[in-house]
Amino acid sequence: MTAATAPSDGAPAPPAPGSGRRRVTFPVVGMSCAACASRIQRQLATTPGVRDAAVNFGTTKATVELDGAQPRDVMEAVREAGYDVGTDAIAVAVADLRSAPDPSRLERAIRAVRGVVAAVANPAAESVRVTYVPGFLDPRDVEEAVAAAGFVLAAPVAEGDPVERERLVREREVRDLTGKLVLAAVVAVAAMVASMPLMGAEAVGSADLLARVLMPLDAALRRGLPWLYALDPQSLKIALFVATVPVMAWSGRGFYVSAWRGFQHRSADMNTLIGVGTAAAMLYSAAATFTPSVFTGAGLPADVYYEAVSAIIALILLGRLLESRAKGRTSEAMRRLLGLAPRTARALREGVEVEIPAAEVVVGDIVLVRPGEKIPVDGVVRGGRTAVDESMLTGEPMPVAKTAGDEVVGATLNTTGAITIEATRVGRDTALAQIVRLVEEAQGSRAPVQRLADRIAGVFVPVVIAVAIAAFVVWFDVGPSPAPVYATVVFVSVLIIACPCAMGLATPTAIMVGAGRGAERGVLAKGGSALEAAAGVDVIVLDKTGTITEGRPAVTDVLSALETVDRTASGPPAEPEAAMLRLAAAVERLSEHPLAAAIVAAAAERGLDLPEATGFRAHEGRGATATIGGHAVAVGSATFLIDLGVDVGPFTDAVDNLAARARTPVLVAVNGAPAGLIGLADPIKPSAVAAVRAFRAMGLEVLLVTGDIRKVAIAVAGEVGIDDVESGMLPAGKVAVIKRLQEAGRRVAMVGDGINDAPALATADVGLAIGTGTDVAVEAADIALMSGDLRTAVTALELARRTMRVIRQNLFWAFAYNVVGIPVAAGLLYPVAGVLLSPVFASAAMAFSSVFVVTNSLRLRRFTPSLAD
Amino acid sequence: MTLSKAVVTVAGLVAAVWVLWYFLATPRPARTRGGQPR
């Protein structure tokens with residue numbers, strides 16, 4: 001339903017859907033393997049208006065970037081691929097619905113909202129049950145639709161808690177799988193016992209590994225359950241058939257449905273292998289049971305393999321169950337993050353203090369926060385003063401002082417004083433919600449290495465089917481007697497052992513666990529590709545300001561055009577310095593540069609009131625110009641002033657002098673004439689030295705790039721132990737340095753924080769935005785570091801390397817297992833060692849390989865950075 | 001037995017080739033995430 005079908009009763013249409021590009025993540029149901037994910041992804045990517053699509057089997061979620069496509073189109077594309085979009089339902093409380101004359105009008109209005117699948121009014125409960133697709137729905141649209149239809153909400157519309165929803169889905173899956181597994185396992189064990197008497201001496205048994213194991217069991221059973229051996233073999237076979245049918249029809253139903261869906265779309269996956277394998281075993285056994293004369297007439301034993309069918313299904317379900325539980329554990333990190341937010345808030349409503357759920361706080365609410373309480377939402381302090389522990393956000397253990405006008409972030413801890421805050425961002429707009437979204441996107445994204453695994457799996461399955469058929473033919477033609485029996489066993493075993501599920505799980509599970517663990521350590525990777533790129537870097541480029549240094553420089557020297565006065569040495573400056581600083585500060589007040597803030601702060605410290613500046617222009621990385629009282633004032637680097645035609649000659653010595661002491665000189669010119677010089681210094685972060693040493697230890701080349709002048713850059717680099725320095729770099733220059741390295745075949749990581757670093761962060765193979773950074777830098781980066789501590793960058797690279805190592809191990813084992821398993825299952829060892837693999841053994845080995853891969857990925861949960869705080 | 005072997009061999013060969021053709025030889029849509037640079 002689109003906006004065009006909105007009720008015609010004068011209600012305004014909901015906000016135009018699809019306006020601009022939008023990234024949405026929504027659940028997909030029915031996926032049973034990695035190949036399903038790539039099938040849906042292909043379908044989505046070819047949908048008009050979808051720019052980018054990534055489907056993750058691990059999280060069972062799809063992320064699409066919509067560029068014109070409607071949610072409806074996306075849902076249809078998913079259904080077209082043979083799957084469905086997961087939905088959720090909420091009850092929207094509407095006041096006086098009981099007495100409303102026409103609730104269906106409300107239903108229609110809500111149904112017109114983007115993301116809503118169904119809306120059913122329940123007048124008795126005064127609520128509307130809204131079924132929607134998570135990710136597409138904006139609760140505010142529902143609120144607007146309700147209001148537009150002339151109804152009043154009894155409570156704000158809140159989307160269900162995504163983590164809770166996922167937990168419920170997972171729980172349902174585990175319950176469902178457990179039930180199916182129990183049936184399959186019980187039948188499998190019973191069938192194995194009951195098959196013993198059927199395994200005559202003439203059976204294929206002697207070559208079968210499993211049969212060798214079972215031989216002593218057979219003897220014991222003969223003694224323990226003699227009645228079983230007294231039963232008529234034909235009745236026993238029919239009983240086994242009857243018991244196996246429900247296992248296939250219920251426990252194994254998913255495999256056959258998925259295999260058939262895949263077949264219709266010309267794609268084959270592990271379900272195809274399991275489906276064809278078990279179906280072949282079942283058909284052969286059924287034929288042997290009901291038309292034994294066909295077999296005996298040809299001189300063949302009428303053997304049955306019912307126990308194999310049930311055991312294969314049971315073992316694969318066991319693998320799925322373990323996998324599902326492991327996947328549940330990987331989302332723990334997210335649960336912990338969300339758990340940081342307080343549940344309730346003390347808001348001031350009509351002058352009265354009321355305790356309300358934190359989700360119901362709206363922008364503009366005044367909220368009271370007592371000492372020891374967590375701040376419920378993002379806001380601005382309106383009253384009181386306190387210190388706030390923001391370690392959850394930044395990793396910095398020191399509480400930060402906050403007074404009226406300061407911003408506070410939801411889920412941080414108020415320590416010493418009571419404050420009142422005005423809510424500025426609530427719900428999905430808070431900093432915490434954004435962090436959670438970043439993690440979710442990262443966990444749901446696909447690493448490039450995953451694409452390789454998908455491509456292999458897509459080719460692999462048809463090839464395996466062909467190999468199984470070939471093995472069947474060879475055994476049938478030249479195998480030992482009874483050839484058809486051996487041929488069938490080999491055919492089924494090859495299909496079962498070759499299931500590529502371990503390959504499909506290798507990457508997503510590792511990325512999920514790695515990204516989750518990173519979030520706990522203050523490293524937010526924006527996707528699997530970010531981790532993969534970070535693992536492969538060999539050069540790390542560090543920005544100076546804000547990355548190695550605190551980024552909050554302070555004015556140390558003020559020099560006028562006439563004389564030089566060191567502020568710290570000679571006390572209050574003479575009149576010309578104050579006048580010059582006043583003009584510089586008036587210009588810099590309009591700039592975002594950290595040096596500008598220091599100059600403004602220095603002016604404020606001296607109690608200078610700043611005049612109005614007009615026509616402000618920032619010249620990135622170089623300086624700024626403005627007009628003050630008719631005078632053209634320029635503030636910036638020496639090269640900037642030279643470019644403006646200012647003769648900086650009088651200051652050359654002073655500039656060199658400052659630079660030699662690692663201080664940054666900023667020149668001021670008025671009406672094209674040099675007016676003064678301001679010296680600034682920026683203290684080095686205590687963590688920088690250890691971080692640089694750690695980068696070296698990791699075998700990385702460390703490079704410092706800065707917009708600052710060479711002498712300052714070298715002084716700072718020397719202090720932290722960096723040899724390579726590129727100074728005087730504009731944003732474009734930093735990009736050029738990175739490009740040059742890349743052209744030389746190097747893979748470059750860039751750590752930066754400022755707007756001026758954003759282009760370099762985006763250019764580098766992997767950009768790391770350091771915690772204290774601007775939104776632009778965080779946006780441009782691949783990995784956001786929550787703290788300003790440079791050691792977090794070390795942690796990020798270590799985590800990335802560890803994650804990639806786990807992925808490579810996973811892929812290696814999954815592949816090696818197939819390389820070894822398939823020839824054995826095809827009977828290659830039979831001529832030399834007389835060993836054949838039973839289908840039951842094959843399925844156990846297959847389940848083990850999946851569990852091994854998932855367990856290996858879970859090891860990442862124990863990752864600890866080498867540099868402890 | 002030789003006749004049945006011949007039949008199985010031919011049928012198996014045809015089936016194996018058909019499986020490979022059916023699943024692999026279909027023109028596939030362009031790959032997703034087609035490397036649009038950021």
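Before any of the text, the structure's been laid out above.
Residues numbered from 1 in each chain as written. Chains lettered and ligands numbered in written order. Predicted model: local features only at pLDDT ≥ 70, side-chain atom pairs only at ≥ 80, totals over all residues. Heavy atoms only, no water.

Another aspect to go through is the overall build of chain B. Secondary structure assignment for chain B yields 1 helix and 0 strands. Here chain B holds 38 residues, and the buried ones make up 18% of them. Surface summary for chain B: the accessible area is close to 2800 Å², and the carbon and sulfur share equals 74%. (Helix = DSSP H or I, 4+ residues; strand = E, 2+ residues; numbered from the N terminus. Buried < 20%, exposed > 50% of the residue type's maximum accessible area, 1.4 Å probe, protein only. Areas by Shrake-Rupley, 256 points an atom, 1.4 Å probe, with all protein chains shown as cover.)

This part is about the overall build of chain A. Scanning chain A from N- to C-terminus turns up 33 helices and 31 strands. Burial statistics for chain A: of 869 residues in total, 54% are counted as buried. Counting contacts in chain A only where the partners sit at least 6 residues apart, residues at least 24 apart contribute 70% of the total. Just so you have it, chain A exposes about 35200 Å², and 59% of that area is on carbon and sulfur atoms. (Contact = heavy atoms within 4.5 Å.)

On to the packing of aromatic side chains. All names here are of chain A. The tally for this structure, following the rule as stated, stands at 18 aromatic pairs over all chains. Ring geometry for Phe 812 against Trp 813: centres 5.3 Å apart, planes inclined by 75°, an arrangement best described as edge-to-face. Considering the side-chain rings of Trp 813 and Phe 852, the 6.0 Å spacing of their centres and the 75° angle between planes classify their relative orientation as edge-to-face. Here the residue Trp 813 occupies a position in helix H31 (residues 791-826), and Phe 852 occupies one in helix H33 (residues 839-858), the gap between them amounting to 39 residues. Taking the relative accessible area as the measure of exposure, Phe 852 reaches 30% and is therefore partly exposed. (Phe/Tyr/Trp six-rings, centres within 6.5 Å; stacked < 30°, edge-to-face > 60°.)

So, on to the interface of chain A and chain B. Each side of the interface is counted separately: chain A has 30 residues, and chain B has 22 residues. For chain A, the biggest contributors to the area lost against chain B are Arg 42, Arg 266 and Phe 476 of chain A; these three give 26% of the whole. Where chain A packs against chain B, one counts 3 residue pairs in polar contact (both at pLDDT 80 or more). Counting only elements with at least two residues in the side of chain A that touches chain B, the list comes to helix H1 (34-45), strand E2 (50-56), helix H9 (253-264), helix H16 (448-478) and helix H29 (758-763) of chain A. The element contributing the most residues to the side of chain A that touches chain B is H16 of chain A, with 13 residues. (Buried area = accessible area lost by both parts, 1.4 Å probe. Polar contact = N/O pair within 3.5 Å; in protein donor to acceptor, adjacent residues only side chain to side chain.)

Taken together, the side chains of Val 459, Val 463 and Val 467 of chain A together with Leu 20 of chain B make up a nonpolar region of the molecular surface, amounting to roughly 250 Å² of accessible area. At 3 residues, H16 of chain A tops the list of elements feeding residues into the nonpolar patch. Inspection of the secondary structure puts Val 467 of chain A in helix H16. (Patch = residues over 30% accessible without salt bridge, like charges linked within 9 Å, V, L, I, M, F, W, Y side chains within 5 Å. Salt bridge = Lys/Arg side-chain N within 4 Å of Asp/Glu carboxyl O.)

Residue and element names in this part refer to chain A. Here helix H17 (residues 483-497) crosses H33 at 5°, and the two axes come no closer than 8 Å. By the criterion of interaxial angle, the relationship of H17 to H33 is roughly parallel. From H17, Val 489, Val 492, Ser 493, Ile 496 and Ile 497 reach across to H33, where they touch Pro 839, Ala 842, Ser 843, Ala 845 and Met 846. Split by residue class, the contact of H17 with H33 holds 8 nonpolar, 2 polar and no charged. (Axes fitted to C-alpha atoms, helices over the stretch in contact; angles between N-to-C directions. Parallel < 35°, antiparallel > 145°, perpendicular 65-115°, else oblique. Nonpolar A, V, L, I, M, F, W, Y, C, P; charged D, E, K, R; others polar.)

As a further point, take the nonpolar core. Residue and element names in this part refer to chain A. Counting residues in hydrophobic clusters, the biggest one holds 80 residues, and the most contacted among them are Phe 26, Leu 44, Leu 542, Phe 695, Ile 783 and Leu 790. Take this core: its biggest share by element is 10 residues, from H31. In this view, Phe 26 contacts Thr 60, Lys 61, Ala 62, Val 64, Val 74, Val 78, Val 85, Val 133, Pro 134 and Phe 136; residues no more than four positions away in its chain are not counted. (Core = buried A, V, L, I, M, F, W, Y, C linked by side-chain atoms within 4.5 Å.)

All names here are of chain A. Extensive coverage of strand E19 (residues 539-543) is indicated by the burial of 5 of its 5 residues. Of the two faces of E19, the one carrying Val 539, Val 541 and Asp 543 and the one carrying Ile 540 and Leu 542 are both buried. As judged from the 5 bridges shared by E19 and strand E27 (residues 701-705), these two strands associate in the parallel manner. The residue bridging Val 541 from the neighbouring strand is Leu 703, located in E27. As defined by bridge partners, E19 adjoins strand E29 (residues 748-752) across 4 bridges and the pair is classed as parallel. Residue pairing for E29: Leu 542 is matched across the bridge by Val 751. (Pairing = 2+ DSSP bridges.)

Residue and element names in this part refer to chain A. Strands sit in the order E10-E9-E11-E17-E12-E15 across an open sheet of 6 strands; the sheet is antiparallel. Of all strands in the sheet, those with a lone pairing partner are strand E10 (352-357) and strand E15 (407-408), marking the two edges. With 5 bridges connecting them, strand E12 (residues 378-383) and strand E17 (residues 419-425) associate as antiparallel partners. What sits directly across from Val 381, in E17, is Ile 421.

All names here are of chain A. On the surface, Arg 802, Arg 805, Arg 808, Arg 859 and Arg 862 cluster together to form a positively charged patch. Mapped onto the fold, Arg 802 is located in helix H31. With relative accessibility at 32%, the residue Arg 802 sits in the partly exposed group. (Lys, Arg positive; Asp, Glu negative; His and termini not counted. Charge placed at Lys NZ, Arg CZ, Asp CG, Glu CD.)

Once that is clear, we can look at the pairing of strand E24 (residues 631-636) of chain A. Within a regular strand, the side chains alternate between the two sheet faces. All names here are of chain A. Alignment of strand E23 (residues 623-628) against E24, held across 6 bridges, turns out to be antiparallel. Paired with Gly 623 across the two strands is Gly 636, which belongs to E24. Linking two consecutive strands that pair antiparallel, namely E23 and E24, is a turn of 2 residues; a positive phi of about 55° is found at Gly 629 within it. As defined by bridge partners, E24 adjoins strand E25 (residues 664-670) across 4 bridges and the pair is classed as antiparallel. Bridging across to E25, Gly 636 finds its partner in Leu 667.

Turning our eyes to something else, we now look at the sheet that holds strand E6 (residues 116-122) of chain A. Residue and element names in this part refer to chain A. Across the sheet, which stays open at both edges, the 4 strands sit in the order E6-E7-E5-E8 with antiparallel pairing between neighbours. Each end of this open sheet is capped by a strand with a single partner; those strands are E6 and strand E8 (152-153). Judged from the 6 bridges that link them, strand E5 (residues 88-95) and strand E7 (residues 127-132) form a sheet pairing that is antiparallel. Residue pairing for E7: Ala 91 is matched across the bridge by Arg 129. Across the sheet, helix H3 (residues 103-111) is in contact with E5, E6 and E7; its angle to E6 comes to roughly 160°.

Once that is clear, we can look at unusual backbone geometry. Residue and element names in this part refer to chain A. Unlike most non-glycine residues, Ala 411 shows phi in positive territory, near 80°. By the secondary structure assignment, Ala 411 is in the loop between E15 and strand E16 (413-414). Judged by relative accessible area, which is 4%, Ala 411 ranks as buried. Even without being a glycine, Asn 671 presents a positive backbone phi close to 50°. You can see Asn 671 is positioned in the loop between E25 and strand E26 (673-681). Judged by its relative accessible area of 45%, Asn 671 is partly exposed.

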